[in-house]
Amino acid sequence: MDTAESRATASRDAPSWLEVEEAAPFTVTKTTKAAATGAKQWSTVVNATLVAVIMFLPPLLILGGRLGAPVVWIRSTVAGIGTQAQRGKGTSSSVLFKVETFSHGFEVGVELESKKDVLLGGLLVPGFDEQSCASRYQSLYYYKNMTRAPSPYLIKRLREQEALQRRCGPGTEPYARASDRLRAGATEGDDVDNVDGCSYLVVISYRGLANRVLAATSAFLYALLTNRVLLVDPGQGNTLPRLFCEPFPGATWLLPQDFPLVNFRDLDESAPEAYGNVALNRSGNVSGLRFVYIHLDHAASPANLLVYCDDHRESSFLHRALWAVLRADQYIAAGLFFNPAYREELDRLFPRKDAVFYVLSRYLLHPTNDIWGMVTRFYNAYLRNADERLGIQIRVFDSDKPLQRVLDQILGCTSQERLLPAVVNNTGAPAIPTAGGGRSKAVLVTGLSSWYHDSIREMYWRSAAENGEVVSLHQPSHEGRQHWFDGDQDMKALAEMYLLSLTDRIVTSGWSTFGYVGSGLGGLTPYIMFRPMHGELPRPPCTRAMSMEPCSFAVPHFECTRKEIGRDVMQKDIPHVRACEDLLWGVKLTDDDTV
């Protein structure tokens, strides 16, 4: 089987960027046209020679002895380098040279391209240490342009949230006072004013990695809507810092290890602090409670789903709670659109409703250097040079053993959607191989089993593609079984989610949060394979999703204005919310606002 370890050549160091910044073109006066042309040609030759010398100098000379330096700026006073140099008279422009350092020595690959907007239109802020988190500013060079641009209002609210995290987060006096109050057993009914104006949302890390990614990202949206500091449980074994960089400048999103609420990970719906119990059994009276517990597990009761209808204004008991603790194993963002109190704010934050996860994840989620190194090494070794990249994410819920019907479904979907070419029928005369090969297609397969990858690779090895394409199959890992909070397995899984996001088109498995994250990170609208039921092959095998948004498994099935738990409400009554393609009782966001 094709593995990253056997062929990857890139080192753990992220790519460096050598930028030649062009000065304003000089003006030739009182010379003949031929002389001016000669001068420009001579300038180009000198410039090219200079760049060539620089590119092949020993790396210690270029980088000042720091091989890991992510950016090297070389300012040229001569205009006219490369094809990008002719972008306007008297203006300054930039040309990028991509420099990659490989483990066996200093090997340079140069790629000329225009400098991109590393801040993603204001979504990100400058000032972070690039060496400590290379993916934050480098990932855009592996993606196409932003599929959906952030709204100006979202950018404004992000800056306000960053300020809130810095003012009230761990390490500040307001956090210390709030923690002391929780530790001392002070309750919401005590006559103690929140003089700091700080309140907190603690997110419990729960279930598999993709579930945790979806929960944390959508919890961040909830924190934005309710003006709470976001604090994410690092999880068993403190796995979160191994996976993601800090998203907030000058602040943290990590829940401190000395968080005073003991056994908070054991909270469930039976807790007296659970929102449903407070709303129904205590009529919203929080007297005697130190916090409010929000239970939004995929199997949450209708009473606890009432939190989606909480308007979080001053009259709400949840608004008065200094601490809110959230458990979720799913994407809860779609449920927030049920609440009329949030609708205007959500419309301003996201004019396009089909990219909430995509935009928020590009802001919040930045894989650590270890993860990013795994992503870039595999991508550069196996995927980068292909004419087209196809991702196939496979999740089988019914069996740990390979299933022929799942392979048939994969091949049926890729054939139906013209994602993979048919192979030459071997019953006739054998196909004559072409000398140079045809268009190349790299297929990235992710899954716990290697059998599906091996079977498809065998098919294209034994038989040529009818359209002449050269199809290659690549699978980074095959762990056999999923283990929650296994640090090494989580690192591989996250790297594979990001690799899936770098493909051009993607096929995902229904009900799979792994697939939701892989397509959502890349702003890709997936082809979703329906989950086989009763051992039968679904017909059709897959469908194109209505949007790139993940599916929310548990949302209110009642109208928030009435809060009648027994009254079912059709999702079509809520703008931009539709039933999921793969899970009929789940909902997802779309850009369709018809009701």
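The residue numbers shown here count from 1 along each chain, following its written sequence. Residues qualify for local features only when their pLDDT is at least 70, as the model is predicted, and side-chain atom pairs are given and counted only at 80 or more; totals for whole chains, interfaces and linings, by contrast, use all residues. Calculated side-chain values reflect all of the structure's heavy atoms, with hydrogen atoms and water omitted.

Asker: Hey, could you run me through the layout of surface pockets in this one?
Answerer: Unfilled space is identified by rolling a water-sized probe across the atoms. Lining residues are those with an atom within 4 Å of a point, where the points come from a 1 Å grid over the protein atoms alone and group into cavities, where a 1.4 Å probe fits but cannot get out, or pockets, open sets with protein on both sides within 12 Å along at least five of seven lines. Grid points are joined across faces, edges and corners, and a volume is the space filled by probe spheres set on the points. For the largest pocket, the calculated volume is near 730 Å³. Together, 35 residues line the largest pocket, and Asn 211, Arg 395, Phe 397, Gln 482 and Thr 513 are the ones closest to its centre. Helix and strand definitions here come from DSSP, where helices need a minimum of 4 consecutive H or I residues and strands a minimum of 2 consecutive E residues; each element is numbered from the N-terminal end. Secondary-structure elements contributing two or more residues to the lining of the largest pocket are α7 (209-226), α18 (487-501) and α19 (513-521). Ranked by the residues each element gives to the lining of the largest pocket, the list is headed by α18, at six residues. Each residue receives one of three labels: charged for Asp, Glu, Lys and Arg, nonpolar for Ala, Val, Leu, Ile, Met, Phe, Trp, Tyr, Cys and Pro, and polar for the others, Gly being one of them. When the residues that make up the lining of the largest pocket are grouped by side-chain class, the tally is 14 nonpolar, twelve polar and nine charged. Annotation comment: domain bounds sourced from an automatic or database domain assignment. Mapping the lining of the largest pocket onto the domain boundaries places at least three of its residues in each of domain 1 (152-354) and domain 2 (369-423 + 438-548).

Asker: Looking at this model, I keep getting lost on the pattern of salt bridges. Mind explaining?
Answerer: As a working rule, side chains carrying opposite charge can pair if their charged atoms are close by. What counts as a salt bridge is simple: a side-chain nitrogen of Lys or Arg found within 4 Å of a carboxyl oxygen of Asp or Glu. Counted under the stated rule, the structure contains 25 salt bridges. A salt bridge links Glu 162 to Arg 159, with the shortest nitrogen-to-oxygen separation between them at 2.9 Å. Remark: Arg 159 and Glu 162 occur in helix α5 (residues 152-168); sequence separation between them is three residues, near one turn of the helix. Burial classes: relative accessible area under 20% of the type maximum marks a residue as buried, over 50% as exposed, and values in between as partly exposed (1.4 Å probe, protein chains only). Judged by relative accessible area, Glu 162 falls into the buried class, the value being 3%.

Asker: Looking at this structure, I do not really get unusual backbone geometry. What am I missing?
Answerer: For residues that are not glycine, phi is negative in most cases, and the peptide bond is trans in most cases. Residue Pro 540 follows Arg 539 across a cis peptide bond; omega there is 0°. As for its placement among the helices and strands, Pro 540 is situated in the loop between β13 (527-529) and β14 (542-544). One non-glycine residue, Asn 238, adopts positive backbone phi at about 55°. Unlike most non-glycine residues, Trp 511 shows phi in positive territory, near 75°. Structurally, Trp 511 can be placed in the loop between β12 (505-509) and α19. Among the residues examined, Trp 511 registers a relative accessible area of 24% and is labelled partly exposed.

Asker: Would you take a moment to explain the pairing of strand β7 (residues 292-296) for this structure?
Answerer: Successive residues of a regular strand alternate their side chains across the two faces of the sheet. Across the five residues of β7, five count as buried, placing the element largely inside the fold. Pairing of β7 with strand β8 (residues 323-328), which is carried by five bridges, proceeds in the parallel orientation. Considered in β8, the bridge of His 295 is made with Arg 327. Here, strands pair whenever DSSP counts at least two bridges between them.

Asker: Just checking my understanding: could you explain helix α13 (residues 340-349) for this structure?
Answerer: Two residues of an α-helix separated by three or four positions point the same way, owing to the 3.6 residues in each turn. Of all the residues in α13, the buried ones are Tyr 342, Glu 345, Leu 346 and Leu 349. End-on, the buried residues of α13 take up no more than an arc of 105°, which puts them together on one face. Any two residues whose heavy atoms approach within 4.5 Å at even a single point are treated as in contact. Those residues of α13 that are buried are in contact with α5, α7 and α12 (333-336). Backbone nitrogen of Ala 341 and a side-chain oxygen of the N-cap are separated by 2.9 Å at the start of α13; the cap is Asn 339. This arc corresponds to the set of directions leading from the helix axis out to the C-beta atoms. Whenever two N or O atoms come within 3.5 Å, that pair is a polar contact, provided that in protein one can donate a hydrogen and the other can accept it, and provided that, for residues adjacent in sequence, both atoms are side-chain atoms.

Asker: I tried to follow the side chain of His 474 on my own but got confused; where do I start?
Answerer: Here His 474 lies in strand β11 (residues 470-474). Within polar-contact distance, the side chain of His 474 engages the side chain of Ser 472 at 2.9 Å.

Asker: Which parts of the structure should I look at to understand the packing of aromatic side chains?
Answerer: By convention, a stacked pair of Phe, Tyr or Trp rings (six-membered ring in the case of Trp) has centres within 6.5 Å and planes under 30 degrees apart, an edge-to-face pair has planes over 60 apart, and any other such pair is tilted. By the definition in use, this model includes 17 aromatic pairs. Note on Tyr 175 and Trp 323: the rings are 6.1 Å apart at their centroids and 75° apart in plane angle, and the pair reads as edge-to-face. A residue pair is termed long-range when its members are at least 10 positions apart, and Tyr 175 in helix α6 (residues 173-183) and Trp 323 in strand β8 qualify at 148 residues. On the basis of relative accessibility, which here comes to 8%, the residue Tyr 175 falls in the buried class.

Asker: Any chance you could explain the pairing of strand β6 (residues 229-232) here in plain terms?
Answerer: Judged by which residues are buried, β6 turns out to be covered on both faces: Val 229 and Leu 231 on one side and Leu 230 and Val 232 on the other are all buried. The pairing of strand β5 (residues 200-204) with β6 spans four bridges and is classified as parallel. Following the sheet pairing, Val 203 is matched in β6 by Val 232. Convention used here: a crossover is right-handed provided that the path from the first strand, over the helix, to the second strand proceeds clockwise when the strands point away from the viewer. Each parallel crossover has a hand, and the one from β5 via α7 to β6 is right-handed.

Asker: Would you mind showing me how to read the nonpolar core here?
Answerer: General note: in soluble globular proteins, nonpolar side chains tend to be found buried as a group. Nine residue types can take part in a nonpolar core, namely buried Ala, Val, Leu, Ile, Met, Phe, Trp, Tyr and Cys, and a core is a set of them joined through side-chain atoms within 4.5 Å. Ranked by size, the top nonpolar core spans 112 residues in total, and within it Leu 221 and Leu 230 carry the most contacts. Looking at this core element by element, the count peaks at twelve residues for α7. Shared between two domains, this core holds at least three residues of each, these being domain 1 (152-354) and domain 2 (369-423 + 438-548).

Asker: For this particular structure, what's the right way to read the state of the cysteines?
Answerer: Two cysteines, two sulfur atoms, one covalent bond between them: this is a disulfide. The disulfide criterion is simple: two cysteine sulfur atoms within 2.5 Å. Per the stated rule, a full pass over the model turns up five disulfides. Paired through a disulfide, Cys 168 and Cys 198 show a sulfur-sulfur distance of 1.9 Å. With the S-S dihedral at roughly -60°, the linkage between Cys 168 and Cys 198 falls on the left-handed side. With Cys 168 in helix α5 and Cys 198 in the loop between α6 and β5, the pair connects residues that are 30 residues apart, well separated along the chain. Overall, Cys 168 belongs to the buried group, its relative accessible area being 0%. Residue Cys 198 is classed as buried on the basis of its relative accessible area of 2%. A sulfur-sulfur distance of 2.1 Å marks the disulfide that ties Cys 413 to Cys 542.

Asker: Just checking my understanding: could you explain α6 for this structure?
Answerer: Residues Pro 174, Tyr 175, Ala 178, Ser 179, Arg 181 and Leu 182 constitute the buried set of α6. For α6, the angular spread of the buried residues around the axis is 160°, confining them to a single face. Residues of α6 that are buried sit in contact with α5, β5, β6 and β8. Looking at where α6 begins, the residue whose side-chain oxygen comes 3.3 Å from the main-chain nitrogen of Tyr 175 is Thr 172.

Asker: What am I meant to see in the sheet that holds β14 here?
Answerer: Pairing between the strands of a sheet comes from backbone hydrogen bonds, and it takes one of two forms, parallel or antiparallel. The six strands are arranged β11-β10-β9-β12-β13-β14 in an open sheet whose pairing can be described as mixed. Of all strands in the sheet, those with a lone pairing partner are β11 and β14, marking the two edges. Between one strand axis and the next, the sheet turns by 20° as a mean value, whatever way the strands run. Pairing of strand β9 (residues 388-393) with strand β10 (residues 440-446) involves six bridges; the strand directions are parallel. By the bridge assignment, Ile 392 is partnered in β10 with Val 445. Along the sheet face, helix α17 (residues 451-462) touches β10 and β11 and points at about 160° away from the line of β11. The convention used is that axes are lines fitted to C-alpha atoms, helices contributing only their stretch in contact, and that angles between N-to-C directions extend from 0 to 180 degrees. Sitting on the sheet, α18 is in contact with β9, β10 and β12, with an inclination near 150° to β10.

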